Amino acid sequence: MKKKKFLVLFLMAGLTVALTFSSAIAEEFSVLGRPLHLFGYATQEMSFGVKDSYDTEKGLNSALMNLFLEGDYEITKDLKFYSSVMLTVDWIYQLKHSDSSWNDKLFSKSKNNLNVDGKYWQVLKEARLTWTPGDFMFRVGKQIVSWGELLGFRIMDQINPLDQRRGFLDVEFETTIIPIWLFRADYYPKIKSSWLQDLGFEFVWNPNVDFIPNQDIMAGNADGGIWAPNVRLPGAHLATAYGNISTPKRWEEGNEFGFRVKANMLGAMTTFNFFYGRDNSAVTKLIPPFMTPAPPDIFASDGKVLLHPIQEGKYPLLKYVGATFAKELTPLRASFLGDVAPTIYWEALYAFDRTFTLTNTLSPFPDQRFGKSDDFRTGIELGWKVRIPPLNARTYFNITGEFFYQRIMDYPSIEEIAGLKKNNYQTFLSINTSYFHNKLTPSFTWIHDINTNSNYFIPKLVWDLDYHWHFTLGGQVFSGSKPGKGLTLFDNKNQIYFKVAYKWG
Amino acid sequence: MKKVKIFVVCFWVLFLTLSAMLPILWAAEEYKVTAQDLEQYKKIVDDPRPYLKELTYKKILPPDVYAKLTFDVEEMKVQWAEVVGFRAPDEVGKIAPEIKPGTYSYKDKAKYPGLKELMIPLHYEEFFKPGGPPFVGCFPEIKVVPTRQYYLALPIAKATKENIGRTKLDDKGLIKEETYMAGVPFPKPEGKFKANQVIYNLLKRYIGHENQYFTATTRGFTRNLRIDQDMVNEACWIRFKGRVFMEPYGWYDERAKSVGEEFSFKFFYLSPRDMFGNVMTSMKYLDPDKYDQMLLYISALRRVRLMSATDIQDSIGGADVIYADSFIYSQKLSSTIFPYRSEVIAEREYLVPFAILDGSGYMSSKGMELHDYEWERRPMYVVKMTQLDKNFVYSYRILYIDKETFYPLLILNYDQKGRLYRSGLVISAYFPEMGMFNYTSDVMMYDHLDMHSSFSRTFVIPAPWVGRKDINMRGLVVKGK
């Protein structure tokens, strides 16, 4: 049965590739006299771990394939339909089917979660109808609504959930943001004033047609696969991340409302945002018996006990107001740096009564409860293009630096919130340039968690042979001085990877 | 359950309303020519069809729009000759008079040494030869035709005459914007700032009618002539000041006047896949010291993002142009932001592929050669613009500008080491019944250092239906993915 399923998958993938590589469907079509655009890509990525420990594998770690198709049909000048579908398969489960190390570490048991993304909402990415009469825009269907200004940290952008089950490695937009069923209405009134160039109002309603939350990295090799974090437990490993998480009932609960005012005034882009809905990530707490071994896998391959946490949780209310601001700082342009002025992007959010998991650190057993606090998050980004002739005589360097701050307004005095202090700080830095007429693009990204003094580095080299073929060689390195804290949870995941992508249309 | 019913009812109401409105929406359809339409009349390579004989404005435009934009040809000829003070056929024929209309092969170089004197050196040395790496756009043979008189439309001639002598430059050679109203500001350039006057004529030229819609197909080529870019885009354009063809005349609106908006365009990509759904708007201001504003809808982020308007020197996505090279040359003259010292270094006739009349010129897939373009003697200004800021990407630019119409043909941009860095050749279509060069054109852009080149074909239609709604935030969101 399994072989049959594998064969069907393989044939599907092969057929899709064969069909889409032919030029026939790479063309713009005319359907009923109206333009239909079809595009897509196929990617195959291989990643190789450099460490050998219980939570990872030395050598081949993943063989992730993505087949993506999208189409945009302009029914009339004011009405269009866009849809995209995707098939994601990690062939590692087939390639390591009989690998003893892979099986002993329980990675094979994560197959149901990570081998094939076969749920309807994973295959059907977007399907939306857009109607744009006059100064209005109405959009209904499975879609993405993206708020915020920062490229690195996600502060205001809370409407769509994320899929991060496969970590941070070379994420594609289409594999990371999960489109959900939404209704959106925009209104752009005509503006006559000289100081206000543009104004827009945006309303978003999520009727909770289907509750799709964040797909976070899961703890335990049997659930989280190769990306399970290295949670340090004395004499034990986490095996799964079982939890009884209650979700809002479709249609009846979990309705979400978002409203945004967008203005282009005095040369700056400004927005004011309001949101009432559900947190896309669950809050969970351990409940008795807290953690337990479960047959048949009592002991791990290294002799440690395998534990299964018992948790319950929910998706709590999320209510916030916020603002964003973007402005080019033209007085800061420096001729010797290439004369491009830096652009500043800022966003801030104040969430009321957010729910957190509080852990009593004085208790001899896991004593957790849910507690509430207001939550303030802000971030600032400086985007700057500079010319550094000794390193690149022809092309500029793009430098993006970000600083993120989060404050838990009513932080408990005795208890702790997992992974958060009262004040939390992170930074993000990304640098890239290109050589050989934009063919070779090296980039370097560094995320630093100041509270835990941990780091995440991503060096990457992309070779764009042409508009069809793209090759990526990259790596990722985690480091930190406090084991088990912050980004060091992934310090065994250091990897190098290679990806080939073919894009058409 | 009640909410389910309400949602389903709302969905069907919306759906049925849209369905009911479809016929109305069809009826109100904006007319335009897409890249796919253009491809039916002329393929990007190996297609010698004279497509402009078939794809005519008379067929495309509504009759009332067409009637408003066409004028009496003979009157235009007379009026324009009065505006500039000459007719091109009377001004040429003095250099290498032995070169008569006919077809000349690159093999004839020795037989007709006058060709060397008559042609622009770059053309003669680098592109008058059989096609082949590293660049597209060689002419193995050229078809020389008699020089024509090119005239501009009656409204341009009228506005130019009405405002003759009124447009002033300050003591730095920069235009006093309040003195310019419409038309060509300096139809007979002269005096200390003659070069600046020529450049202002170019900057203020009517690149087509005031509201227009573009479609363009661009192919990029490596030094081995392998295609590495294949791009389709469309664009909208509005000119805000000096409007003479389309209502409202003069200023587009009060806001344009109070803010000092010159023109704005929206540029959106239809392919390749990574670019599809990206939309850019740019607002250009009259104030020489005020930067443009650029907004970009980034399809990969589903967001509108404010972009750096000072980022004018970096290549755009691997293309052979920088933002300051838009429309071959669009950099404002300023005394503070990358100031130039400009001079007319030559004023003479050249044999050039100046205009497209019937569209029979084409690129061949073999060697990416250009065939069937018509070359004619044109009186030209050669303007050298020396950059005074040593940090600018170019140390100087040389512009070849037609003396009769002030339309640019060729630009040569030299880096700070004095090497030819980028060049661009625009062969624009001319519409005699309208007296108009717009950006319907075949454009060759070259990066001489990276040995990369591109060929682009653009088709433009006058489009009174283009408005602010198309170039503002709404326009970005609606056109974005």
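So, how was this worked out
Residues numbered from 1 in each chain as written. Chains lettered and ligands numbered in written order. Predicted model: local features only at pLDDT ≥ 70, side-chain atom pairs only at ≥ 80, totals over all residues. Helix = DSSP H or I, 4+ residues; strand = E, 2+ residues; numbered from the N terminus. Rg over C-alpha atoms; globule rule 2.2 N^0.38 Å. Buried ≥ 20, exposed ≤ 12 C-beta atoms within 10 Å, placed from the backbone. Core = buried A, V, L, I, M, F, W, Y, C linked by C-beta atoms within 7 Å. Contact = placed C-beta atoms within 7 Å. pLDDT = per-residue confidence, 0-100. Pairing = 2+ DSSP bridges. Nonpolar A, V, L, I, M, F, W, Y, C, P; charged D, E, K, R; others polar. Axes fitted to C-alpha atoms, helices over the stretch in contact; angles between N-to-C directions. Parallel < 35°, antiparallel > 145°, perpendicular 65-115°, else oblique. Left-handed = near helix turned anticlockwise from the far one by under 90°.

### Re the overall build of chain A
And step 1. Secondary structure summary: chain A contains seven helices and 24 strands in total.
And step 2. For chain A, whose C-alpha radius of gyration is 24 Å, the value lies close to the compact-globule estimate of 23 Å for 505 residues.
And step 3. Each principal axis of the C-alpha distribution contributes one length, and for chain A these read about 70 × 60 × 60 Å.
And step 4. Taking all 505 residues of chain A together, 40% fall into the buried category.

### Some details on the overall build of chain B
And step 1. Looking only at helices and strands, one finds 14 helices and 18 strands in chain B.
And step 2. Compactness check: chain B gives a C-alpha radius of gyration of 23 Å against a globular reference of 23 Å for 481 residues, within 12% of the reference.
And step 3. If one aligns the C-alpha atoms of chain B with their principal axes, the spans along those axes are about 90 × 50 × 50 Å.
And step 4. Burial analysis of chain B (481 residues in total) assigns 51% to the buried set.

### A closer look at the nonpolar core
And step 1. Counting 178 residues, the largest nonpolar core has I156(B), V383(B), Y400(B) and I401(B) as its most contacted members.
And step 2. Of the residues forming this core, the biggest block, seven residues, is contributed by strand β17 (residues 436-447) of chain B.
And step 3. When near neighbours in sequence (up to four residues on either side) are disregarded, Y400(B) contacts I120(B), M380(B), V382(B), P408(B), L409(B) and L410(B).
And step 4. Counting 14 residues, the second-largest nonpolar core is a separate cluster that includes W102(A), I226(A), A241(A) and L306(A).

### A look at the confidence of the model for chain A
And step 1. Confidence in the prediction of chain A, expressed as mean pLDDT, is 91, and 94% of residues score 70 or more.
And step 2. With pLDDT under 50 throughout, residues 18-26 of chain A is counted as low confidence; its partners more than four residues away or in other chains account for 10 contacts.

### Quick look at the pairing of strand β6 (residues 279-285) of chain B
Residue and element names in this part refer to chain B.
And step 1. The buried fraction of β6 is high, at six of seven residues.
And step 2. Judged from the seven bridges that link them, strand β5 (residues 261-271) and β6 form a sheet pairing that is antiparallel. Bridge pairing links F268 to V279 in β6.
And step 3. Here β6 runs beside strand β7 (residues 293-298); their pairing, made up of five bridges, is antiparallel. When the bridges of β7 are listed, S282 appears paired with M294.

### Thoughts on the pairing of strand β23 (residues 469-480) of chain A
All names here are of chain A.
And step 1. With nine bridges joining them, strand β22 (residues 454-464) and β23 adopt antiparallel strand pairing. Across the sheet, the residue bridging to S454 is G480, located in β23.
And step 2. Between β22 and β23, which pair antiparallel and follow one another directly, the connecting turn spans four residues.
And step 3. The pairing of β23 with strand β24 (residues 495-504) spans eight bridges and is classified as antiparallel. Within β24, the residue paired with Q476 across the bridge is Q495.

### Quick notes on the interface of chain A and chain B
And step 1. Listed by partner, the interface residues are 53 residues for chain A and 55 residues for chain B.
And step 2. Put simply, the parts of the chain that give the side of chain A that touches chain B at least two residues each are β1 (28-31), β2 (34-49), β4 (79-90), β6 (136-143), β8 (196-206), β11 (256-265), β15 (317-328) and β24 of chain A.
And step 3. Here the side of chain A that touches chain B gets four residues from one element, more than from any other, and that element is β2(A).
And step 4. When the residues that make up the side of chain A that touches chain B are grouped by side-chain class, the tally is 21 nonpolar, 17 polar and 15 charged.

### Notes on unusual backbone geometry
And step 1. With an omega of 10°, the peptide bond running from P288(A) to P289(A) counts as cis.
And step 2. Here P133(B) and P134(B) are connected by a cis peptide whose omega angle stands at 10°.
And step 3. Its location among the elements puts P134(B) in the loop between α9 (121-127) and β2 (141-144).
And step 4. In this structure, L32(A) is a non-glycine residue whose phi angle is positive, near 55°.

### Notes on the environment of Y329(B)
All names here are of chain B.
And step 1. Summarising the element assignment, Y329 is placed in the loop between β8 (303-307) and β9 (340-352).
And step 2. Separated by 220 residues in sequence, Y329 and K109 place their C-alpha atoms 31 Å apart.
And step 3. Apart from residues no more than four positions distant in its own chain, Y329 is found in contact with L202, L399, P408 and I411.

### Considerations on the packing of helix α6 (residues 73-84) of chain B against helix α10 (residues 154-162) of chain B
Residues and elements named next belong to chain B.
And step 1. For the pair α6 and α10, the least separation of the axes is 9 Å and the interaxial angle reads 30°. Our classification of the angle between α6 and α10 gives roughly parallel. Note that α6 runs across α10; the crossing there is left-handed. Residues E75, M76, Q79, W80 and V83 of α6 touch α10, and the partners they reach there are L154, A157, T160 and K161.
And step 2. Of the residues that constitute the contact of α6 with α10, the class distribution is five nonpolar, two polar and two charged.

### Side note on the environment of K390(B)
And step 1. If you trace the backbone, K390(B) turns up in the loop between β13 (374-387) and β14 (394-402).
And step 2. Separated by 25 residues in sequence, K390(B) and D415(B) have C-alpha atoms that sit 10.0 Å apart.

### Some points on the confidence of the model for chain B
All names here are of chain B.
And step 1. Chain-level statistics for chain B give a pLDDT mean of 92 and a share of 94% at 70 or above.
And step 2. Across residues 22-28, where pLDDT falls below 50, the model places six contacts with residues more than four positions away in sequence or in other chains.
And step 3. Interface confidence for the predicted complex, expressed as ipTM, amounts to 0.92; the pTM equals 0.92.

### Some details on α10(B)
And step 1. Buried residues of α10(B): P155(B), I156(B), A157(B), A159(B) and T160(B), and no others.
And step 2. Buried residues along α10(B) sit in contact with α6 of chain B.

### A closer look at helix α11 (residues 194-203) of chain B
Residues and elements named next belong to chain B.
And step 1. Of all the 10 residues making up α11, eight are buried; the element is thus mostly covered by neighbouring parts of the structure.
And step 2. Every buried residue of α11 is listed here: A195, N196, Q197, V198, I199, Y200, N201 and L202.
And step 3. Contact partners of the buried residues in α11: β9, β13, β14 and β15 (408-415).

### Quick notes on the environment of G152(A)
Residue and element names in this part refer to chain A.
And step 1. Mapping G152 onto the fold places it in the loop between β6 and α6 (173-176).
And step 2. C-alpha of G152 to C-alpha of L429: the two residues are 277 residues apart in sequence and 8.5 Å apart in space.
And step 3. Contacts of G152, omitting those with residues within four sequence positions, involve E402, F428 and S430.

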